[in-house]
Amino acid sequence: VLQRRVRENGTVTIGDAEVLRPRLLASNSIIHPVSAVIGFPLDAAVGTCATPNRIEGTGIWFGDTRDAFATHISTCGEEAFGKEQIFVWDAPDDGLFCIRTTNSRFDTVLHIRTNQCAARRNEVACNDDANNETTASQIELDGTEGEPYYILVDGYSEEAEGRYLLSISQGACP
């Protein structure tokens, strides 16, 4: 569950990510809520293999699978029969990337394919539950610069759907 927190020192976080360090009092002595000062990111559109969401570089993407479709199964997570969001991402450099769904609101399964999105045989990585203490998923992908990868954010079961947070960072997963 993503939670917005304002710490004692004024730092604002969403989940574990620091957003900013606002001054709580404006020059007119009125306290403004953070949501009135900054806009929060928009959800990614529903992505399919025919029309995947194109994402670039590293960062964080938000979305919701409730309006998505359950059309692809994975090689892990009991084949992941939930609704999936599909992204296409070109690795910005050669090297290791951490792709994860930390702080999502349902039991996620991540699977990554190359070449042809719809072909399960093109799956190069799959993860259901990064460890025994979480239902978040994570994959360490050895990426090739310019290579397109189809990232599927999927639900473990037909009931597993909802808000997710997809993050991609360079280097090993923490």
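Quick note: structure is the one above.
Enquirer: What am I meant to see in the sheet that holds strand β10 (residues 138-143) here?
Expert: Strand pairing in a sheet relies on backbone hydrogen bonds, with the paired strands running either antiparallel or parallel. In space, the 4 strands of this open sheet follow the order β5-β12-β7-β10, with antiparallel pairing throughout. Since the sheet does not close on itself, it has two edges, and those belong to β5 (59-64) and β10, each with one partner. Strand-to-strand twist across the sheet, computed as the mean angle between neighbouring axes with direction ignored, equals 20 degrees. Bridge count for β5 against strand β12 (residues 163-170) is 6 bridges, and the pairing is antiparallel. Bridging from a neighbouring strand, F62 pairs with L165 of β12.

Enquirer: Would you mind going over the state of the cysteines with me for this structure?
Expert: Under the definition given, this model contains 3 disulfides. Disulfide pairing is shown between C76 and C126; the S-S distance is 2.0 Å. Residues C76 and C126 are joined by a disulfide whose S-S torsion is about -75 degrees; by sign, that bridge is left-handed. Taken together, the residues C76 in the loop between β5 and β6 (85-90) and C126 in strand β9 (residues 123-128) connect sequence positions 50 residues apart. Residue classification places C76 among the buried residues on the basis of a relative accessible area of 17%. Sequence-ordered numbering of the bonded cysteines in the protein gives a pairing of 1-4, 2-5, 3-6.

Conventions we followed
- Residues numbered from 1 in each chain as written.
- Predicted model: local features only at pLDDT ≥ 70, side-chain atom pairs only at ≥ 80, totals over all residues.
- Heavy atoms only, no water.
- Pairing = 2+ DSSP bridges.
- Helix = DSSP H or I, 4+ residues; strand = E, 2+ residues; numbered from the N terminus.
- Axes fitted to C-alpha atoms, helices over the stretch in contact; angles between N-to-C directions.
- Disulfide = S-S within 2.5 Å.
- Buried < 20%, exposed > 50% of the residue type's maximum accessible area, 1.4 Å probe, protein only.

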